[in-house]
Amino acid sequence: MTSNDFRPTAKLETLRRRAELLKSIRAAFHDAGYWEVETPILSHDTVVDAHLDPFVTHGTDATKAKPIFLQTSPEFAMKRLLAAGAEAIFQIGKVFRQGESGRLHNPEFTMIEWYQVGDDHHRQMDFTESLLRKVSPTLVGITEIERLTYDEAFERFTGQRVLSCEVSELREIADRHSSSAPSTFGNDRDEWLNFLLAELVEPHLGQEKPCFLYDYPASQAALAKIRSDSPPVAERFELYIRGVEICNGYNELIDPVELRRRIGRENEIRMANGKAALPTSNRLLDAMESGLPASSGVALGFDRLLLLLENSEDIADVIAFPFDRA
């Protein structure tokens, strides 16, 4: 009997709407003065993140001994373009992450990423809202997108702000809400914060209307700037719609010394968790040394956006061939 695995998991009508949405997003960026760029999917550089695992291959001939990575994000290469003089750029392309498979994840997915020189994360929240209003007005609705700081969201949904909390206090919050955290967390504060966010806060975000969550813990800055508040906060945001996170934005780090420190720290965490370290040298560091301009950037998961527009529950409903049929 012939298998039906050759068929797409998404309906053809959905794939046509996918094409139309991509067309309207490109038009919206061009109308806003952005131009589209293409950067390598295969690169000797890769984003160094304790929780992102790239697919690794090798080159041929003289380069065969050096690992080459399928990109988890076009971030490094796009920032090199900013350092070369680009001011407002966007990219729509495939990115790849190992170990990410499920209802909201596929190891290969479509990301929309963009950067604007001179903007901070607040202005990029404004732009993200205007972009979504233009390409998906029914999803955003008629009211303004809500904006909550990380601490405000915790206070609303757990009754307590957490940016100044010690691990013992975070454990108490979990106990108070009958949330059982894995015993492996130990005294890892970020593990506790991420657990409480996922369990007690995220399910409520964006249910009545979309919500920007911003000013994250400084320990979770990734490649965002840190603002010296008390306590310090990372100048980054995420957008939630119906409890689903669809984009992540930064007021971008431009200090190469700090980037080296963060890469080292992420690799320490990776190795402590039994993962291989990722390269500590890259061309983004060279670009920062030459002068990376102040800017803000956003990465948006296109498949998740379409999933929400289609009122679907599984990412397989909005892509032609998920990983098990690729």
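Residues numbered from 1 in each chain as written. Predicted model: local features only at pLDDT ≥ 70, side-chain atom pairs only at ≥ 80, totals over all residues. Heavy atoms only, no water.

1. A short note on the packing of aromatic side chains
Definition in use: For Phe, Tyr and Trp, rings pair up if their centres lie within 6.5 Å, where Trp contributes its six-membered ring, and each pair is then called stacked (planes under 30 degrees apart), edge-to-face (over 60) or tilted (otherwise). Each helix is a run of DSSP H or I of at least 4 residues and each strand a run of E of at least 2, with the numbering of both proceeding from the N terminus. Each residue's exposure class comes from its accessible area (1.4 Å probe, protein chains only) as a fraction of the maximum for that residue type: buried when under 20%, exposed when over 50%, partly exposed otherwise.
For the coordinates displayed, the defined rule picks out twelve aromatic pairs. Note on Trp114 and Phe127: the rings are 6.1 Å apart at their centroids and 70° apart in plane angle, and the pair reads as edge-to-face. Residue Trp114 is found in strand β6 (residues 108-117), and its partner Phe127 is found in helix α3 (residues 121-135); the two are separated by 13 residues along the sequence. The buried category is assigned to Trp114, whose relative accessible area is 0%. Under the relative-accessibility criterion, Phe127 is labelled buried at 15%. For the pair Trp192 and Phe195, a centre-to-centre distance of 6.5 Å together with 85° between the ring planes defines the contact as edge-to-face.

2. Describing the side chain of Glu258
Rules: For the purposes of these results, a polar contact is taken to be a pair of N or O atoms within 3.5 Å, where, inside protein, one atom must be able to donate a hydrogen and its partner to accept one; residues adjacent in sequence count only when each atom of the pair is a side-chain atom.
Looking at the secondary structure, you find Glu258 in helix α8 (residues 256-272). Of the polar contacts made by the side chain of Glu258, one reaches the side chain of Arg262; its length is 2.8 Å.

3. Focus on helix α5 (residues 150-158)
To be explicit about the condition: Here, the arc refers to the directions that run from the helix axis to the C-beta atoms. Whether two residues are in contact is decided by their heavy atoms: any pair within 4.5 Å suffices.
Where α5 is concerned, the buried positions are Tyr150, Asp151, Ala153, Phe154 and Thr158. Seen end-on, α5 carries its buried residues on one side only, within an arc spanning 160°. Buried residues belonging to α5 abut β7 (146-149), α6 (167-176), α7 (189-201) and β8 (211-217). Of the residues trailing α5, Gly159 is marked for its positive phi of about 85°.

4. Re the pairing of strand β5 (residues 88-96)
Applicable threshold: Here, any two strands with at least 2 DSSP bridges between them count as paired.
Along β5, seven of the nine residues are buried, which leaves the element largely enclosed by surrounding structure. As paired strands, strand β1 (residues 35-36) and β5 are joined by two bridges and run parallel to one another. Among the inter-strand pairings, Glu36 is bridged to a residue of β5, identified as Phe90. Two elements, β5 and β6, share nine bridges in a ladder whose sense is antiparallel. Residue Gln91 lies in a different strand from β6, and its bridge partner there is Glu113.

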